[in-house]
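Survey of secondary and tertiary structure
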Amino acid sequence: MPWYILARLGRGKSGLKHFDRRAVAEYTRAFKDPRTIHATCEDYRAAATIDLVHDQKDLRTKLTMPLLALWGKHGVVAALFNCLADWREVATDVRGRALACGHFLPEEKPREVLAELRRFLAQCT
């Protein structure tokens, strides 16, 4: 099954070029284990079922701690969601922005992710 995870990681225009070879090796190793595949499927299944039930119950109380949302401008999140507006439905202090990348922010834009995290943490102290 490692071919599947490599195809998923490398599905964008840039392929696997943003992924360190050690990270690719670790993904490959992990996805040889059927338990990893099962756990991954269960995570997605929960997102489409029980997580929605929990989210609905939690709508009564908004998160009050500062929340940083980052997403890729060229990824599925930007295509399907209004990230800041969606998070503001469940939290009172939402900050963030889209980065000029796809789905894998730390791999594609590590310096920008680090800068955003540092700026956010400095504001929260």
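Heads up: the structure comes first, above all this text.
Attention in this report is confined to the structure presented alongside it. Computed from a prediction, not measured in an experiment: that's the story for all the values here.

So, about the overall build of the protein. A count of helices and strands for the protein gives 8 helices and 2 strands. The linear arrangement of helices and strands in the protein, starting from the amino end, is α-α-α-α-β-α-α-β-α-α. When the backbone C-alpha atoms are referred to their principal axes, the protein occupies close to 40 × 35 × 30 Å. Across the 125 residues of the protein, 22% fall into the buried class. Taking contacts inside the protein between residues at least 6 apart in sequence as the whole, the part at least 24 apart equals 63%. Carbon and sulfur atoms provide 58% of the accessible area of the protein, an area that totals close to 9,200 Å². Across the protein, the 21 positively charged side chains and the 15 negatively charged ones have centroids separated by 6 Å.

Okay, the layout of surface pockets next. In this structure, the largest pocket spans a volume of roughly 480 Å³. Taken together, 14 residues form the lining of the largest pocket, with Tyr4, Ile5, Arg8, Thr40 and Tyr44 sitting closest to its centre. For the lining of the largest pocket, the elements supplying multiple residues, two or more each, are α1 (2–9) and α3 (34–47). Among the residues forming the lining of the largest pocket, the class breakdown is 10 nonpolar, 2 polar and 2 charged.

Within the secondary structure, Glu116 is located in helix α8 (residues 110–124). When near neighbours in sequence (up to four residues on either side) are disregarded, Glu116 contacts Leu68, Leu70, Arg97 and Leu99.

Rules and cut-offs
Residues numbered from 1 in each chain as written. Predicted model: local features only at pLDDT ≥ 70, side-chain atom pairs only at ≥ 80, totals over all residues. Heavy atoms only, no water. Helix = DSSP H or I, 4+ residues; strand = E, 2+ residues; numbered from the N terminus. Buried < 20%, exposed > 50% of the residue type's maximum accessible area, 1.4 Å probe, protein only. Contact = heavy atoms within 4.5 Å. Areas by Shrake-Rupley, 256 points an atom, 1.4 Å probe, with all protein chains shown as cover. Lys, Arg positive; Asp, Glu negative; His and termini not counted. Charge placed at Lys NZ, Arg CZ, Asp CG, Glu CD. 1 Å grid on protein atoms, 1.4 Å probe; cavity = no way out; pocket = protein on both sides within 12 Å on 5 of 7 lines; lining within 4 Å. Points joined across faces, edges and corners; volume = space filled by probe spheres on them. Nonpolar A, V, L, I, M, F, W, Y, C, P; charged D, E, K, R; others polar.

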